[in-house]
Amino acid sequence: MATTRVTQNMLNTQFMRNLNTNLNRVQKLQDQLSSGRRINKPSDDPVGISLSLRYRSELERNKQYQRNVDSALSWLSYIDEILGQAGNVLQRARELAVQGANGTNPKEALETIAMEIDQLTGQLLNIANSQFNGKYVFNGQKTDLKPYDETNPGQSVPDDGEVLFEIGIGVRIAVNAKAKDIFGAPNTQENIFIALKNLSESLRNGDYAGVSRLIGTLDARIDGFLAARADIGAKVNRVELAEERLKDISLNLTRLQSKTEDADLADVITKLKMDENVYQASLAAGSRLLMRTLVDFLH
C-alpha cells in the first residue's frame with residue numbers, strides 16, 4: 001500500500017489555508033458587530049438579501065403612498081375650508097335676499113342691499129378661483145387654468161375631470177369637488193353667479209316677487225355646498241383610515257426587514273470571542289511550525 005509523504009511545504013500550505021479561514025470568520029463577525037447588520041454583502045446570505053431587497057422595495061412604495069395620503073388630506077382640508085367660506089357668503093346673500101323681499105324697503109335700501117350682493121358675488125368668484133399650491137382646485141384636471149372668468153362667470157364651463165391620488169395598491173381617490181355640483185351648471189338659472197346677478201338686478205328694479213323666487217335658488221345652492229362638504233368629510237375619513245393602515249404596514253415591513261438584516265449582537269460577540277481565541281491558537285501553532293529549519297533537525 002502506497003504512503004503519501006508529507007512535506008514541510010504541505011504543512012505550511014495547509015496551515016495558511018486554515019489561518020485564512022479563521023481570519024475570515026473573525027473579519028466577518030467584526031463587520032457584523034461594527035455595522036449591526038447580519039448581511040453586509042450578497043454572499044453573506046443570498047436568500048436573505050433577496051428578502052431584504054423586497055422589503056426595501058415595499059417600504060419605498062409604502063412611503064410614496066404615505067406621501068400621497070398627506071397630499072390628499074391637504075387638498076381635502078383646503079377644499080373643505082373654502083367651501084365653508086363659500087357657504088358663509090351664500091348664507092349672508094340669503095339673509096339679504098330675505099331682507100330685500102320685504103315690500104316695505106325703500107329704493108335706497110334696496111340699492112344698498114344690491115351693492116352688498118355685488119360684493120358677495122366678487123368674494124364668491126375669488127373662492128371659485130381658489131388655488132392650492134399654485135393649482136386651481138375647481139377646474140378638474142386642468143389645474144393650471146382659471147375655472148371662472150371674472151367678466152361672465154355664469155357662462156364659464158369648468159373642467160369636470162377628477163384629480164386622483166393613489167393611496168394604496170389599486171386604491172385611488174378623487175380629492176377635488178366638481179364645480180358644477182357646487183356653483184351650479186353653467187348658463188342655467190341654478191348657477192349661483194347668474195342667480196346672484198339676477199338677485200342684484202331684481203333688488204335694483206324693486207322686483208320683490210323676483211327676489212322671493214331667487215331665495216329658493218340660493219337654498220338649493222346652499223344644500224349643494226352642504227352635500228359637497230359632507231362628501232369631502234367622508235373622503236377625509238377614508239383617507240385617514242388608509243393612513244393608519246399604511247403606518248401599520250410600514251411597521252410590519254420594518255420589523256421583517258430588521259429580522260432579516262440585523263445581527264444578534266449578543267450572539268455575534270460570543271462567536272467573535274470564540275473565533276478570536278481559535279485564531280490566536282492558530283497563530284501560536286503556526287509559530288512553532290514555521291520556525292522549523294534544517295538546523296533544528298540537525299540538533
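Structure shown above.
Note that this is a predicted model, so its numbers are computed, not measured. (Residues numbered from 1 in each chain as written. Predicted model: local features only at pLDDT ≥ 70, side-chain atom pairs only at ≥ 80, totals over all residues. Heavy atoms only, no water.)

A few points about the nonpolar core
1) Next: Of all hydrophobic cores here, the largest spans 55 residues; its most connected members are Ile117, Leu124, Phe138, Phe183 and Leu199.
2) Next: Secondary structure elements with two or more residues in this core: α2 (46–100), α3 (107–128), β3 (164–168), α4 (179–183), α5 (192–205) and α6 (208–261).
3) Next: Per-element accounting of this core gives the leading share, 15 residues, to α2.
4) Next: If we skip the residues at most four places from it in the chain, Leu199 touches Ala93, Ala97, Ile117, Val211, Leu214 and Leu218. (Core = buried A, V, L, I, M, F, W, Y, C linked by side-chain atoms within 4.5 Å. Buried < 20%, exposed > 50% of the residue type's maximum accessible area, 1.4 Å probe, protein only. Helix = DSSP H or I, 4+ residues; strand = E, 2+ residues; numbered from the N terminus. Contact = heavy atoms within 4.5 Å.)

Quick look at the side chain of Thr121
1) Next: One can find Thr121 in helix α3.
2) Next: Not counting residues up to four positions away in its chain, the partners in contact with Thr121 are Phe193 and Leu196.

Quick notes on the pattern of salt bridges
1) Next: All chains considered together, the criterion is met by eleven salt bridges.
2) Next: Salt-bridge contacts for Arg92 lead to Glu116; the nearest nitrogen and oxygen are separated by 2.8 Å. Remark: Glu116 occurs in helix α3 and Arg92 occurs in helix α2; sequence separation between them is 24 residues.
3) Next: In this structure, Lys180 engages Asp160 in a salt bridge whose closest nitrogen and oxygen atoms are separated by 3.6 Å. Taken together, the positions of Lys180 in helix α4 and Asp160 in the loop between β2 (135–136) and β3 put the pair 20 residues apart, joining distant regions of the chain.
4) Next: Taking the relative accessible area as the measure of exposure, Lys180 reaches 43% and is therefore partly exposed. (Salt bridge = Lys/Arg side-chain N within 4 Å of Asp/Glu carboxyl O.)

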